[in-house]
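Per-entry structural report
For reference, the chains in residue letters:
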Amino acid sequence: PEASSRNAKKAWIKLLVLLVLAITITLVFTKFKGELTLENIAQKESTLRTYQEHHPLLVHGLAFLLYVAVAGLSLPAAGPLTLVYGWYFGFWKALVLVSFASTAGATLAFLLSRYILGHYIQSKFSDRLSAFNRALDAATAREVENLFAEVVIAPDIDDDARAQLVEKKNLR
């Protein structure tokens, strides 16, 4: 009873976080929809470059955080944003910024899917995911040994299956 109430509370907190995030993204894109066009940015180029000269740390930090958010939420704006960064910061600065920000964004996407959406997906599609959520037994390990060359991913593995797979010849 107590564990189920904790799980329900966690689910509501996760849902609230997602809702706040969705509302924030919607409001930002609604408010700045006309300002986020390439034509508008090109018109304000001198103002933007002057601001970058006077506040380089702030501009690079905000650009980094924006890219992490776009990549972390898997929004389709990462490609155009990369091009804008290349134009605004120059090739090498944009290369470094986008490389680190996309990695941080991918980490954020993993964490969101694992800890916020994971339980929802498991509960909604448990019947379809049941084969992936079972422990690997020796009979399945023998079949896997004949099919796959290198990697086996399973949530758990019994001792007989582990012994079966350890005996497999390393192909490298």
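Here goes a summary of the coordinates provided. Here, residues in each chain are numbered from 1, in the same order as that chain's written sequence. It should be noted that, the model being predicted, local features are given only for residues of pLDDT at least 70 and side-chain atom pairs only at 80 or more, the latter also being counted only at that level, while totals for whole chains, interfaces and linings use all residues. The side-chain values count all of the structure's non-hydrogen atoms but skip hydrogen atoms and water molecules.

Some remarks on the overall build of the protein chain
- Looking only at helices and strands, one finds 10 helices and 0 strands in the protein chain.
- A run of H or I in DSSP counts as a helix once it spans at least four residues, and a run of E counts as a strand once it spans at least two, with each numbered from the N terminus. Counting helices and strands in the order they occur from the N terminus, the protein chain gives α-α-α-α-α-α-α-α-α-α.
- What the globule rule says is 2.2 Å times the number of residues to the power 0.38, and the radius of gyration is computed from C-alpha atoms. Its C-alpha atoms give the protein chain a radius of gyration of 23 Å, more than 25% over the compact-globule value 16 Å for 172 residues.
- Taken along the three principal axes of its C-alpha coordinates, the protein chain extends 70 × 50 × 25 Å.
- The buried share of the protein chain, reckoned over its 172 residues, is 18%.
- Residue contacts follow a heavy-atom distance rule, with two residues in contact if any of their heavy atoms lie within 4.5 Å. Of all intrachain contacts in the protein chain linking residues separated by at least 6 positions in sequence, the fraction that spans at least 24 positions is 45%.
- Carbon and sulfur atoms form 66% of the exposed surface of the protein chain, whose accessible area is close to 13200 Å².
- Counted charges follow a simple rule, with Lys and Arg positive, Asp and Glu negative, and His plus the chain ends left uncounted. The atoms used to mark charge sites are NZ of Lys, CZ of Arg, CG of Asp and CD of Glu. With 18 positive and 15 negative side-chain charges, the protein chain shows a spacing of 8 Å between the two charge centroids. Each residue is assigned to one of three classes by its accessible area relative to the maximum for its type, calculated with a 1.4 Å probe on protein chains only: buried under 20%, partly exposed between the two thresholds, exposed over 50%. Residue burial considers only the protein chains on display, and all accessible areas are found by Shrake-Rupley using a 1.4 Å probe.

Thoughts on the packing of aromatic side chains
- In this scheme Phe, Tyr and Trp rings, the latter by its six-membered ring, pair at centre separations within 6.5 Å, and the angle between planes marks the pair as stacked below 30 degrees, edge-to-face above 60, and tilted otherwise. Applying the stated rule across the entire model yields 5 aromatic pairs.
- Considering the side-chain rings of Trp87 and Tyr88, the 6.0 Å spacing of their centres and the 35 degrees angle between planes classify their relative orientation as tilted.
- Look at Tyr88 and you get buried, because its relative accessible area is 10%.
- With 4.9 Å between their ring centres and 70 degrees between their planes, Tyr88 and Phe89 make a pair best called edge-to-face.
- Given a relative accessible area of 8%, Phe89 falls into the buried group.
- Within the aromatic cluster, the residues linked to one another by ring pairs are Tyr67, Tyr85, Trp87, Tyr88 and Phe89.

With respect to a negative patch on the surface
- Residues enter patches when their relative accessible area tops 30% and they take part in no salt bridge; the joining distance is 9 Å for like charges and 5 Å for the nonpolar side chains Val, Leu, Ile, Met, Phe, Trp and Tyr. Within this document, salt bridges are pairs made up of a side-chain nitrogen of Lys or Arg and a carboxyl oxygen of Asp or Glu, the two lying within 4 Å of each other. Together, Asp137, Asp156, Asp158, Asp159 and Asp160 make up a region of like negative charge exposed at the surface.
- Summarising the element assignment, Asp137 is placed in the loop between α8 (126-129) and α9 (138-147).

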